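These are the residues of each chain, in order.
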Amino acid sequence: MSISTGFPALIGFDLPGLQDGAGASRVIVTALVDGTPPNDWMRILHRLAWPSLRLDHGVEQIRLVGQGIHFVGAIKDPRALSASVRGLFNEINAKVLDRRLAAMENPLDDDGPGAAPLADPAISADPRLDDVAALLAMPAVPGMLELASAMTGMRFVAVARVTADRWTACAVHDGLDFGLRPGEDLVLETTICDEIREHRHLVQFDQASTHPVFSSHPTPALYGFESYISVPMFRRDGGFHGTLCALDPNPSRLDTATVKAFEILAGVIGAQLEVPEASAEAGHKVASMSDALSVLSGQVDALEAAMLPEQFRTVTARLRELVDARGAVLG
């Protein structure tokens, strides 16, 4: 079956998956499919998966990442789980077909092909997406992520909210067709950002395959990247928010100035993530994005011009034009 029909074909499994720390019982079993399943298919998966996969196999979370469906939990028998998932795929496909045939007779069927799209993260009632909405409401963020991509040469850049149990993309610049959109998750245990959440330090390498540590690290191999940089992001109140990260399948050669500029971008974005209600109660003025970009420009000017790559100066100029245009609109 083809993804164009909405019935993803199960290609195979990645067993047993990554462990959540040394000696931990939580593992990840990944079902590999030939395309990204549509929303109606995923809704039925979630309906049928609980509570059977939780009770019978110890599955705690289900995450769709690109063309992989990750089952995370204290899974004692990954092969038994894979057999159950195969049967589940057949059941889901049958139900999706039934619903689509019914929708041809009743176009108002909520689960039919004409169903409304998922709610926009900015208006979702899900509290975990508040941070996504906050980033989407910041007009200069796309320019900042474009700047980060241009100056590092890495084509995928994201602001991620990272907690003890979730990794969620808040804003994304995707020149790789990586397929991750704001509001979507990666499996936390497969990310380097999860480690950064614990040690709170920058992680950067130019070529994973030749790196003394990351050549044997599972994450670059899992997602297929060679170059990577990730900086912890802190809110204005000092609380840990997540990371500004960039990656690319090609090796990079980042100099000190570029790494420093990347840290500056993370700091400026993070400073705007104060909860508005908390700031108002404390009597703090929430800085506008023009204020934030002025801070960025000032810090960029403070760097030695000779150290800055030409592409950095070019995109910074475009970013400043964005700020000026935004200021003119606001008056």
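This text follows the structure it describes.
Thresholds applied
Residues numbered from 1 in each chain as written. Predicted model: local features only at pLDDT ≥ 70, side-chain atom pairs only at ≥ 80, totals over all residues. Heavy atoms only, no water. Helix = DSSP H or I, 4+ residues; strand = E, 2+ residues; numbered from the N terminus. Buried < 20%, exposed > 50% of the residue type's maximum accessible area, 1.4 Å probe, protein only. Contact = heavy atoms within 4.5 Å. Areas by Shrake-Rupley, 256 points an atom, 1.4 Å probe, with all protein chains shown as cover. Pairing = 2+ DSSP bridges. Axes fitted to C-alpha atoms, helices over the stretch in contact; angles between N-to-C directions. Phe/Tyr/Trp six-rings, centres within 6.5 Å; stacked < 30°, edge-to-face > 60°. Salt bridge = Lys/Arg side-chain N within 4 Å of Asp/Glu carboxyl O. 1 Å grid on protein atoms, 1.4 Å probe; cavity = no way out; pocket = protein on both sides within 12 Å on 5 of 7 lines; lining within 4 Å. Points joined across faces, edges and corners; volume = space filled by probe spheres on them. Nonpolar A, V, L, I, M, F, W, Y, C, P; charged D, E, K, R; others polar.

(A) Inspection of the overall build of the protein at higher detail. Looking only at helices and strands, the protein features 11 helices and 10 strands. By residue count, 45% of the 331 residues in the protein fall in the buried class. Pairs at least 24 apart in sequence give 62% of the contacts found in the protein among residues at least 6 apart. Per element, the accessible surface of the protein, about 16,200 Å² overall, is 54% carbon and sulfur.

(B) Molecular detail of the environment of alanine 31. Looking at the element boundaries, alanine 31 is found in strand S2 (residues 27–33). Owing to a relative accessible area of 0%, alanine 31 belongs among the buried residues under this scheme. When sequence neighbours within four positions are dropped, the list of residues in contact with alanine 31 reads Leu10, Gly12, Phe13, Gln67, Gly68, Ile69, Phe71 and Val85.

(C) Representation of the sheet that holds S2 in the model. With respect to topology, 4 strands assemble into an open sheet ordered S1-S2-S4-S3, the strand pairing being antiparallel. This sheet does not close on itself; its edge strands, each paired only once, are strand S1 (10–14) and strand S3 (59–65). Pairwise comparison of adjacent strand axes, ignoring direction, gives a mean angle of 20 degrees for this sheet. Lying on the sheet, helix H1 (residues 39–49) is in contact with S3 and strand S4 (68–73); it crosses S3 at an angle near 170 degrees.

(D) Here's a closer look at the packing of aromatic side chains. In the structure shown here, the tally under the stated rule is 8 aromatic pairs. Aromatic pair phenylalanine 205 and phenylalanine 214: ring centres 4.3 Å apart, planes at 25 degrees, arrangement stacked. The buried category is assigned to phenylalanine 205, whose relative accessible area is 2%. When the ring of phenylalanine 205 is compared with that of tyrosine 228, the centres are 5.5 Å apart and the planes differ by 25 degrees; the resulting orientation is stacked. Here phenylalanine 205 is found in strand S8 (residues 203–205), whereas its partner tyrosine 228 is found in strand S9 (residues 227–234), with 23 residues between them in sequence. Look at tyrosine 228 and you get buried, because its relative accessible area is 3%. An aromatic cluster is present here, built from Phe205, Phe214, Phe225 and Tyr228 joined pairwise through their rings.

(E) Inspection of the sheet that holds S8 at higher detail. Read from one edge of the open sheet, 6 strands run S7-S6-S5-S10-S9-S8, paired in antiparallel fashion. The sheet terminates laterally at strand S7 (185–186) and S8, the two strands that pair on one side only. The pairing of strand S6 (residues 167–174) with S7 spans 2 bridges and is antiparallel. Bridge pairing in S7 places threonine 168 opposite aspartate 185.

(F) Representation of the pattern of salt bridges. Counted according to the given criterion, the structure contains 5 salt bridges. One salt bridge connects glutamate 184 with arginine 181, and the closest N-O pair in it is separated by 2.9 Å.

(G) Empty space enclosed by the protein, seen in detail. One pass over the full model with this rule turns up 2 cavities of 30 Å³ or more. Counted as a void, the largest cavity has a volume near 130 Å³. Trp167, Leu186, Phe225, Tyr228 and Leu247 are, among the 15 residues lining the largest cavity, the residues nearest its centre. Residues that form the lining of the largest cavity fall into these classes: 12 nonpolar, 3 polar and no charged.

So, to be careful, I would describe these as geometric facts and stop short of saying anything about function.
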